Amino acid sequence: MEENSFTMKDENGKEIKYDVLFTFQMEETNKDYIVYTDNTTDKEGNIQVYASVYRNEEGKMNLEAIETDNEWKTIETILKTIQEEVQNNNKEQTE
């Protein structure tokens with residue numbers, strides 16, 4: 001994995017580059033999480049964002065599915081907070 005991006009193969013074997021948005025560790029699960037994007041957009045024009053549990057084993061990153069609603073709620077809260085901060089910063093810059 002490069003510092004801010006990594007490449008994975010999709011189900012068809014095509015390599016896709018993902019940009020890392022942020023990583024964090026949740027103390028209550030003692031797991032590391034990664035939030036990333038391939039910079040594609042959905043039908044509404046929103047950038048697709050993905051999240052996974054990650055483990056760095058012998059220098060190789062392994063991604064695993066997020067298992068609980070609590071984990072998803074934490075990730076969604078962090079994303080919402082970041083989005084609000086970016087919107088507030090953009091608003092301040094235009095004033």
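Everything below is about the structure shown above.
Sequence positions are assigned chain by chain, starting from 1 and proceeding in written order. A pLDDT threshold of at least 70 governs which residues receive local features in this predicted model, and a stricter bar of 80 or more applies before side-chain atom pairs are shown or counted, although totals over entire chains, interfaces and linings include all residues. Computation of side-chain values: all heavy atoms of the structure, hydrogens and water removed.

Draft legend 1. Looking closely at the nonpolar core. Among buried residues, the Ala, Val, Leu, Ile, Met, Phe, Trp, Tyr and Cys ones that are joined through side-chain atoms within 4.5 Å form a nonpolar core. Buried means the residue's accessible area, taken with a 1.4 Å probe over protein chains only, is under 20% of the maximum for its type, while exposed means over 50%, and partly exposed covers the values in between. Of all hydrophobic cores here, the largest spans 9 residues; its members are Phe22, Phe24, Met26, Tyr33, Val35, Ala51, Val53, Ile66 and Ile75. Helix numbers and strand numbers start at the N terminus; a helix is a DSSP run of H or I with at least 4 residues, a strand a run of E with at least 2. Listed by contribution, the elements that provide at least two residues to this core are strand E2 (15-26), strand E3 (31-37) and strand E4 (50-57). It is E2 that contributes the most residues to this core, 3 residues altogether. Contacts are residue-level and defined by heavy atoms, with any inter-residue pair within 4.5 Å sufficient. Residues contacting Ala51, with those up to four places away along its chain left out, are Ile34, Val35, Tyr36, Ile66, Trp72 and Ile75. Membership of the second largest hydrophobic core comes to 7 residues, among which are Phe6, Ile16, Ile34 and Tyr54.

Draft legend 2. Highlighting unusual backbone geometry. Of note in this structure, Asn30 is not a glycine but carries a positive phi near 55°. As for its placement among the helices and strands, Asn30 is situated in the loop between E2 and E3. Positive phi is not limited to glycine here, since Asn39 has a value of about 65°. Summarising the element assignment, Asn39 is placed in the loop between E3 and E4.

Draft legend 3. Local environment of the environment of Tyr33. Of note, Tyr33 is situated in strand E3. According to the relative accessible area criterion, Tyr33 is buried, its value standing at 0%. Sequence separation of Tyr33 and Gln87 is 54 residues, and the distance between their C-alpha atoms is 24 Å. Leaving out residues up to four positions away in the same chain, Tyr33 has contacts with Phe22, Thr23, Phe24, Met26, Ser52, Val53, Tyr54, Ile66, Glu71 and Ile75.

So far we have only geometry, and geometry alone does not tell us how the molecule works.
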